Amino acid sequence: CKMMLQDMVSKEQGGTRFSDIANYTQQAIHDLNVLSRNLTPSVVTHFGLKAGIEDHIAELKRRTKSPIHFIWENEKSTSLPVSDKVAVFRIIQDFLLLVAFDQFAPRISMLVQYNFPKVLLRLGYSAMHTPFQSQSREFKDIENRVEYYYGSIKKNCDTEKAEDYFQIELNMTVQES
């Protein structure tokens, strides 16, 4: 719908009317994205971080061709407050938004290790993937969460697996003020 409206605007078929409709549509999409990002994922809240990630991956697998491999190395994230679980979930969600819908269908691998007070994420994608969008809103959101948790983020390359990956370490002892 949005593309059709943009095409009509560019062809000057409807003048300002189609331009207004396109602007309203764009604003509605933006507002819906903001609203959905502010909601707490209920699966994370009720069933835990691992279940939330698995549920999100299952949903993505229905909409993308990218193979996604997920490894969870420690079941003890139950001691994390829900807000911390949501922060980890959002990092993974933003990473997947950046790579999963690429036209080349990159191979994606994710490892989550939780050893109190540290959470280690290894988020990888096949090196054939197009250049990573480090200026995107999603990547900036990842960086902001890493900074909040006094963490670190490093981009590396595993030439043996032909995979680029981000190694993210978070310190989950940050206290809300």
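Rules used in this analysis
Residues numbered from 1 in each chain as written. Predicted model: local features only at pLDDT ≥ 70, side-chain atom pairs only at ≥ 80, totals over all residues. Heavy atoms only, no water. pLDDT = per-residue confidence, 0-100. Helix = DSSP H or I, 4+ residues; strand = E, 2+ residues; numbered from the N terminus. Core = buried A, V, L, I, M, F, W, Y, C linked by side-chain atoms within 4.5 Å. Buried < 20%, exposed > 50% of the residue type's maximum accessible area, 1.4 Å probe, protein only. Contact = heavy atoms within 4.5 Å. Salt bridge = Lys/Arg side-chain N within 4 Å of Asp/Glu carboxyl O.

1. Observations regarding the confidence of the model for the chain
Part 1 of the argument: Overall, the predicted model of the chain reaches an average pLDDT of 81, with 77% of residues at or above 70.
Part 2 of the argument: Within the chain, no element has a lower average pLDDT than helix H1 (residues 2-10), which sits at 56, and none a higher one than strand E1 (residues 68-72), at 94.

2. As for the nonpolar core
Part 1 of the argument: In this structure, Ile53, Phe95 and Met110 are the most contacted members of the largest nonpolar core, which totals 36 residues.
Part 2 of the argument: Counting only elements with at least two residues in this core, the list comes to helix H4 (49-63), E1, helix H5 (82-99), strand E2 (108-115), strand E3 (118-126), helix H6 (137-148) and strand E5 (163-171).
Part 3 of the argument: With 10 residues, H5 is the largest single contributor of residues to this core.
Part 4 of the argument: Residues within four places of Ile53 in sequence aside, it is in contact with Phe70, Trp72, Phe89, Ile92, Met110 and Val112.

3. Some points on the pattern of salt bridges
Part 1 of the argument: Scanning the model with the defined rule gives 9 salt bridges in all.
Part 2 of the argument: Salt-bridge contacts for Asp158 lead to Arg122; the nearest nitrogen and oxygen are separated by 3.8 Å. Of this pair, Asp158 sits in strand E4 (residues 152-158) while Arg122 sits in strand E3, and the two are 36 residues apart along the sequence.
Part 3 of the argument: Across the pair Lys140 and Glu143 runs a salt bridge whose closest N-O atoms are separated by 3.6 Å. With a gap of 3 residues between them, Lys140 and Glu143 both fall in helix H6, about one helical turn apart.
Part 4 of the argument: Taking the relative accessible area as the measure of exposure, Lys140 reaches 31% and is therefore partly exposed.

4. Section: the environment of Arg107
Part 1 of the argument: As for its placement among the helices and strands, Arg107 is situated in the loop between H5 and E2.
Part 2 of the argument: Accessibility expressed as a relative area gives 37% for Arg107, which makes it partly exposed.
Part 3 of the argument: Each C-alpha atom, one on Arg107 and one on Ser126, is 5.1 Å from the other, the two residues being 19 residues apart in sequence.
Part 4 of the argument: Dropping the residues within four chain positions of it, Arg107 is found in contact with Pro67, Gly124, Tyr125, Ser126, Lys161, Ala162 and Glu163.

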